[in-house]
Amino acid sequence: MAEKDNSLKILLTGFKGKNNSSGKLVQAISENYRLLTNSFDGLKKDIEEISGDINFLIMFGCDKNLKDSVRIERFAEKNGEKIASGADQAKISTSLDKAGIENCISDTSGHYLCNEAYWYALKKLNGKAVFIHIPTIKNLDESFIDKMKKFVSYEIGGK
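Residues numbered from 1 in each chain as written. Predicted model: local features only at pLDDT ≥ 70, side-chain atom pairs only at ≥ 80, totals over all residues. Heavy atoms only, no water.

(A) The overall build of the chain, seen in detail. Helix and strand content of the chain: 5 helices and 8 strands. For the chain, the succession of helices and strands along the chain, N to C, is β-α-β-α-β-β-β-β-α-β-α-β-α. Over its C-alpha atoms the chain spans a radius of gyration of 15 Å, differing by no more than 12% from the 15 Å that the globule rule assigns to 159 residues. Counting only C-alpha atoms and orienting by the principal axes, one finds that the chain spans roughly 50 × 35 × 30 Å. Across the 159 residues in the chain, those meeting the buried criterion constitute 48%. Across the chain, contacts joining residues at least 24 apart in sequence account for 73% of those joining residues at least 6 apart. Within the structure as shown, the chain displays about 8400 Å² of accessible surface, and the carbon and sulfur contribution to it stands at 46%. Mean positive and mean negative side-chain charge positions of the chain (24 and 22 charges, respectively) differ by 1 Å. (Helix = DSSP H or I, 4+ residues; strand = E, 2+ residues; numbered from the N terminus. Rg over C-alpha atoms; globule rule 2.2 N^0.38 Å. Buried < 20%, exposed > 50% of the residue type's maximum accessible area, 1.4 Å probe, protein only. Contact = heavy atoms within 4.5 Å. Areas by Shrake-Rupley, 256 points an atom, 1.4 Å probe, with all protein chains shown as cover. Lys, Arg positive; Asp, Glu negative; His and termini not counted. Charge placed at Lys NZ, Arg CZ, Asp CG, Glu CD.)

(B) Representation of the environment of lysine 78. Within the secondary structure, lysine 78 sits in strand β5 (residues 75–78). The sequence separation of lysine 78 and tyrosine 120 amounts to 42 residues, and the corresponding C-alpha distance is 9.8 Å. Setting aside its immediate chain neighbours within four residues, lysine 78 contacts Glu116, Trp119 and Tyr120.

(C) Quick look at the sheet that holds strand β8 (residues 129–134). Pairing is mixed across the open sheet formed by 6 strands, whose spatial order is β2-β1-β3-β8-β4-β7. If you trace the sheet from one side to the other, it starts and ends with β2 (33–36) and β7 (102–106), each paired once. Strand-to-strand, the axes of this sheet are offset by a mean angle of 25°, without reference to chain direction. By the bridge criterion, 5 bridges tie strand β4 (residues 69–73) to β7 in an arrangement that is parallel. Each bridged residue has a counterpart across the sheet, and for arginine 71 the counterpart in β7 is cysteine 104. Lying on the sheet, helix α2 (residues 40–48) is in contact with β1 (10–15), β2 and β3 (56–62); it crosses β2 at an angle near 160°. (Pairing = 2+ DSSP bridges. Axes fitted to C-alpha atoms, helices over the stretch in contact; angles between N-to-C directions.)

(D) Seen up close, α2. If you check which residues of α2 are buried, you get Gly42, Leu43, Asp46 and Ile47. Seen end-on, α2 carries its buried residues on one side only, within an arc spanning 135°. Among the exposed residues of α2, those pointing more than 90 degrees away from its buried face are Asp41 and Glu48. If you follow the buried residues of α2, they end up packed against β1, β2, β3 and α4 (113–124). (Arc of directions from axis to C-beta.)

Here's what the structure looks like:
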């Protein structure tokens, strides 16, 4: 009889594009990632194709207003309806703190591709997702990437 795999299956997402910091980040910190298309129709299809056997989705997108910090998004909003993440944002914030990353929790994920991707993911995975905005590529250095690796290891390992 085969042993059951009880490991936590976490998938990371970022966006495609050679200058997109979120795509660069997920490729640098994990082998378990998916890059999302930079269009509304494309990202919807990408989200639909995500396997239902993952336990949790950590999504990243860039925000040009961030420099040395990240923003954890509480909700996605579409057509006046908000969907809340089922993630424990306080725990995520603590994990980011432990990794040395300044962060805040936000109630507005924007009205563009990041929000759209988050909306579809929260719907598909019944809230088992969180979206984190990170700095753009010009503010993404090795130190930040190393800190994000620590953060992901805390989230996966539960440390």
